[in-house]
Every structure is written in structure tokens, then in C-alpha cells.
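This is what each chain is made of:
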Amino acid sequence: MAVLPGTATAAVGGEGGGGKGWGGARVVAEEKVGPRLLDLTVSSPSLGRTAKVRLLTPDGWDERRKHQRWPVLFLLHGCCDTYDSWTRETDVASLPQLRNTLVVMPEGGPAGWYSDWWNHGKGGSPAWETFHLRELRPLLEHGYGAGHRRVIAGLSMGGLGSLLYAARQPGMFRAAASYSGVVHPLYGDFPAGLMDLLTQFGEDPLALWGDPVAQRAIWEAHDPYYLANRLRSIPVFLSSGDGTAGPFDPPGAHDDLEALLNDMNHVVAGRLKAAGVRLTTDFYGPGTHDWPYWERELHRSLPMLLHALKPGH
């Protein structure tokens, strides 16, 4: 890892310094990990620690002029995974369509849920939404060539993050895509499963959004089903499989999670359509909760996402 000079006290990174983000966030290290791939280590007050961010840089980025900017695709990972998963598991780094886009793949915690945690009303860390949108974003804009035209996509937990960030921060993103996304956390018995998952990760299950009954308003504020009206200004892409064996699965495979998410996505699709959202769906039938499908859905949603990044859209 290349640790940059002055990391303890200085704001560093990019041309002329990466600058500080909102609240004193700063880049403390950079590491080139492959062609067009740069990993940043960001010191984040909202997380109370450092976090990693992988950048897939556009053509000409290394020779960029001081005020040169590129459109941005935020690409969010799923539960129990890491910031490097998109480049580890898919062909995103070799897609010719992305040669003129800065792709930002930030750490979101194994079970961070792209939210500022409630922590029994005390707030504080981890505050993932604050980290990504109020700390990291200005750092990237100041020192790494990020422009103001942005779209966002993610899988599973990251699919929730994609719709949440677009709905909760109106005007920040021009389009959003979710692949097998947890797009309705209050659906059916899902709250109990989510809280069990948090317990498995050693977290207080009430620290995220509180109790789904007692703190229902907080859950609804983090559930795209209840935020549908806030997505009317942008195009949205939803996709999921039905949990049965698809083209990338062994015969007889079945995935209960994908089947549940499929039901959830159909319900949210109906809600978004009723709200007047410009919705594209790819409910492709047979398919499980696995990377080959998410890679394919990234490909299928890219025309919509990249169209939204064009000037004037």
C-alpha cells in the first residue's frame, strides 16, 4: 500500500490534494491495485474509523486536468461482502461502456444497510449514508475527478442502498438500479430475518432502525415502498429471479431468499408504477441469488444508467 505523506494531519489525494469532506473526512492512503483500479482508504468521522473505496477510473484519468470531471456510477455491494466484490466477481472493470465513467465502489459494512444507525435514539456511528453522500462524495469531487452527474446501482443489500439514497437525497442521482434488492424491508416476516442477521454479525438488532413496531416510522423512512413518491423524478430499474434453477445454476437448485426477494420486488414494482415512477423491470423467472445474474443485470441496466448520465437528462 502506498501511504501518502502527511496522512496523520493533512488532507491528501488527487491533484492538488484530495481535500477534506464534510465533517473532516480525508483520504489517508491510496493503492493502485490494477489497470484503472485505485483503492482509497478514507478516515471517516461518521464511521469512527477508516473505510475502503475502490475506484474504476475512466480513460485519461491519470493525466486529468485540474478541473476535469467525469460522470459517476456508484456501485454498491451486498450483505456479508466487501467493496472489492464487483471487480472480484464480475467483468465491470473491462466493460467498454464504462471507459468514460468514474465507477465508485465504497465499503458499506458486511451488514451496514446503507443507513445512519439509530442506536436507540443516540445516532452516531456507523453512519453509512453520511459517509457515502456527505463525506466521500465531496472528497471525490474535489480530488478525484467526480462530476455532478451521478447514477447508482447495487445488489441485494446494495439494491436497498441504491433506492434509499436516490429517494432520501432528491436530485443527487439521475437513475437507480437494484438487482435482487431488499427493496421492502418491512415486507412480511423479513424484519425478523434482518434482525436475526444483525445478531449473527454480533450487532444489537435494535441499533439499526429500532423495533419494527415501536420504531415503525424509522423503518418506513428506510423502506423504498414507503418512499415511492420520492423516486418519481428519475428512472428506476428493478430485477430479480424467482429462486428456481436458472441458466447459471445446477439442475434442481432452489433459493428461498431469491424467491422472497422476487415477491418483495413485485410488490414494490406495483407501488412504484402507481406512484408514476418511470420503472423498468426484468423479472426474469428462473434464477438464484448469485453473481452471474447480477453481472447480467448490470449489463442489462447499463443503457438506462448511462443514458441518464448524458448532459440534459
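Note that the structure is a prediction, hence the values are computed from the model and not measured. (Residues numbered from 1 in each chain as written. Predicted model: local features only at pLDDT ≥ 70, side-chain atom pairs only at ≥ 80, totals over all residues. Heavy atoms only, no water.)

Trainee: In this structure, what is going on with the overall build of the protein? I would like to understand it.
Mentor: A count of helical and extended segments in the protein gives seven helices and 10 strands. Computed over C-alpha atoms, the radius of gyration of the protein comes to 19 Å, within 12% of the 20 Å expected from 2.2 N^0.38 for 313 residues, which places it in the range of a compact globule. The C-alpha extent of the protein, read off along each of the three principal axes, is 50 × 45 × 40 Å. Per-residue burial for the protein yields a buried fraction of 58% across its 313 residues. Of the contacts made within the protein by residues no fewer than 6 positions apart, 71% connect residues no fewer than 24 positions apart. By element, 52% of the accessible surface of the protein is carried by carbon and sulfur atoms, the whole surface being about 12,300 Å². When the 29 positive and 33 negative side-chain charges of the protein are each reduced to one mean point, those points stand 12 Å apart. (Helix = DSSP H or I, 4+ residues; strand = E, 2+ residues; numbered from the N terminus. Rg over C-alpha atoms; globule rule 2.2 N^0.38 Å. Buried < 20%, exposed > 50% of the residue type's maximum accessible area, 1.4 Å probe, protein only. Contact = heavy atoms within 4.5 Å. Areas by Shrake-Rupley, 256 points an atom, 1.4 Å probe, with all protein chains shown as cover. Lys, Arg positive; Asp, Glu negative; His and termini not counted. Charge placed at Lys NZ, Arg CZ, Asp CG, Glu CD.)

Trainee: Quick question: what am I supposed to make of the pattern of salt bridges here?
Mentor: All told, the structure shown has 13 salt bridges when counted by the stated rule. For Asp39, the salt bridge goes to Arg54, with nearest N and O atoms at 2.7 Å. Here Asp39 is found in strand E3 (residues 37-44), whereas its partner Arg54 is found in strand E4 (residues 49-56), with 15 residues between them in sequence. Here Asp39 and Arg54 have matching classes, each one buried. The shortest N-O distance in the salt bridge between Arg88 and Asp81 comes to 2.7 Å. (Salt bridge = Lys/Arg side-chain N within 4 Å of Asp/Glu carboxyl O.)

Trainee: Which parts of the structure should I look at to understand unusual backbone geometry?
Mentor: In most cases, non-glycine residues show a negative phi, while peptide bonds are predominantly trans. Of the consecutive residues Ser125 and Pro126, the connecting peptide bond is found in the cis state with omega at -5 degrees. Following the sequence through the fold, Pro126 ends up in the loop between strand E6 (102-106) and helix H2 (128-143). Unusually for a residue other than glycine, Arg36 sits at a positive phi of about 65 degrees. When you line up the elements, Arg36 lands in the loop between strand E2 (26-34) and E3. The class for Arg36 is buried, based on a relative accessible area of 13%.

Trainee: What's the story with the confidence of the model for the protein in this structure? I'm lost.
Mentor: Residues shown with low pLDDT carry predicted positions that ought not to be read at fine detail. Scored by pLDDT, the protein comes out at a mean of 93, with 92% of its residues at no less than 70. Within the protein, strand E1 (residues 2-3) has the poorest average pLDDT of any element, 36, and strand E8 (residues 176-179) the best, 99. Ignoring residues within four places in sequence, the model shows residues 1-18, a span with pLDDT below 50, making 49 contacts including any to other chains. (pLDDT = per-residue confidence, 0-100.)

Trainee: Hey, could you run me through the packing of aromatic side chains in this one?
Mentor: Per the stated rule, a full pass over the model turns up 12 aromatic pairs. Ring geometry for Phe74 and Phe173: centres 5.7 Å apart, planes at 90 degrees, overall edge-to-face. Of the two residues, Phe74 is situated in strand E5 (residues 70-76) and Phe173 in the loop between helix H3 (157-168) and E8; the sequence distance between them amounts to 99 residues. In this structure Phe74 comes out as buried when scored by relative accessible area, which is 3%. Their ring planes at 75 degrees and their centres at 6.2 Å tell us that Trp128 and Phe131 sit as a pair that is edge-to-face. Linking Trp128 with Phe131, this pair stays in helix H2, spanning three residues, or about one helical turn. You can call Trp128 buried: its relative accessible area is 3%. The buried category is assigned to Phe131, whose relative accessible area is 0%. In textbook terms, an aromatic cluster arises when at least three aromatic residues are bridged by ring pairs, as seen for Trp86, Tyr179, Phe237, Trp291 and Trp294. (Phe/Tyr/Trp six-rings, centres within 6.5 Å; stacked < 30°, edge-to-face > 60°.)

Trainee: Can you help me understand the side chain of Ser180 in this one?
Mentor: Here Ser180 is to be found in the loop between E8 and helix H4 (190-200). Given the relative accessible area of 0%, Ser180 is considered buried. A polar atom in the side chain of Ser180 sits 2.7 Å from the side chain of Glu258. The residues contacting Ser180, other than those within four sequence positions of it, are Ser156, Ser239, Ser240, Glu258, Leu261, Asn265, Tyr284, His289 and Trp294. (Polar contact = N/O pair within 3.5 Å; in protein donor to acceptor, adjacent residues only side chain to side chain.)

Trainee: What am I meant to see in the pairing of E2 here?
Mentor: Each regular strand displays side chains that alternate between the two surfaces of the sheet. Bridge count between E2 and E3: seven bridges; the pairing is antiparallel. Residue pairing across strands places Ala29 opposite Thr41, the latter belonging to E3. (Pairing = 2+ DSSP bridges.)

Trainee: Help me understand helix H6 (residues 256-274), please; the structure alone is not making it clear to me.
Mentor: Helical periodicity: at 3.6 residues per turn, an α-helix aligns residues three or four positions apart in one direction. For H6, which comprises 19 residues, the first-to-last C-alpha distance of 28 Å matches the rise-based estimate of 27 Å (1.5 Å per residue) to within 8%. Turning to H6, its buried residues number three or more, namely Glu258, Ala259, Leu261, Asn262, Met264, Asn265, Val268, Ala269 and Leu272. Taken together, the buried residues of H6 touch H4, strand E9 (235-240) and strand E10 (278-283). Of the residues that open H6, the one with a side-chain oxygen 3.0 Å from the backbone nitrogen of Leu257 is Asp255. (Expected span 1.5 Å × (residues − 1).)

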